[in-house]
Amino acid sequence: MPSTILVVCTGNICRSPMAEGFLQRKLEEDGLQGRLQVRSAGTWAAEDAPVSPNTLHAMSEHGIDLHSHRAHLLTVEEVQEADLVMVMEEDHRRVILEQLPEEHGKVLLLTEVAGRSGDVEDPYGSDLDSYRETALEVEALIDAAYPEILRQVCAA
């Protein structure tokens, strides 16, 4: 059974699909897609909603097609089964750990995994340039976090 990386944001229509797309591409480039799987979910997601149009556009500029992505509401079981849960905001971590305090060791901010600090701000409702900026930020964070992601998940 492959190890699982779960990426979480609020609605699962902007930031977490971006991170999932960038991370999935890196895993494919390294031939690790069979050993590691990436999923995403939202703490307040409307099940089966498509990504926002601006997310779709911004990610297509990076060669990542998110047309088939559908929002998914985070479940307790997914957190328990994941080897690593990367969240976009401190609030997401708080929501998860209120229900599952025993999972604290594997629920981390994406910025922390990348050796930085702070939240990845939600572009929802903003203009396309804001989504482009978020996509660039998420891509840079995934690139910086990638060695640590592999270390944590492969050691699990």
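Up top is the structure.
Residues numbered from 1 in each chain as written. Predicted model: local features only at pLDDT ≥ 70, side-chain atom pairs only at ≥ 80, totals over all residues. Heavy atoms only, no water.

Caption draft 1: Fine view of the nonpolar core. Core analysis: the biggest nonpolar cluster contains 38 residues, and Ile-5, Leu-23, Leu-27, Met-86, Ile-142 and Ile-149 have the highest contact counts within it. Mapped onto this core, the elements with two or more residues apiece are β1 (3-9), α1 (15-29), β2 (36-42), α2 (53-60), β3 (84-87), α5 (110-113) and α6 (128-155). Dropping the residues within four chain positions of it, Ile-142 is found in contact with Ala-19, Phe-22, Leu-23, Lys-26, Met-86 and Leu-110. Grouped together as the second largest cluster of nonpolar side chains are 12 residues, Leu-74, Val-85, Ile-96 and Leu-109 included. (Core = buried A, V, L, I, M, F, W, Y, C linked by side-chain atoms within 4.5 Å. Buried < 20%, exposed > 50% of the residue type's maximum accessible area, 1.4 Å probe, protein only. Helix = DSSP H or I, 4+ residues; strand = E, 2+ residues; numbered from the N terminus. Contact = heavy atoms within 4.5 Å.)

Caption draft 2: Broad picture of the layout of surface pockets. In this structure, the largest pocket spans a volume of roughly 160 Å³. The set of elements that each furnish at least two residues to the lining of the largest pocket consists of α3 (76-81) and α4 (90-99). Top contributing element to the lining of the largest pocket by residue count: α4, with 3 residues. Split into classes, the residues belonging to the lining of the largest pocket amount to 7 nonpolar, 3 polar and no charged. (1 Å grid on protein atoms, 1.4 Å probe; cavity = no way out; pocket = protein on both sides within 12 Å on 5 of 7 lines; lining within 4 Å. Points joined across faces, edges and corners; volume = space filled by probe spheres on them. Nonpolar A, V, L, I, M, F, W, Y, C, P; charged D, E, K, R; others polar.)

The quantities given are spatial measurements derived from coordinates; they are silent on function.
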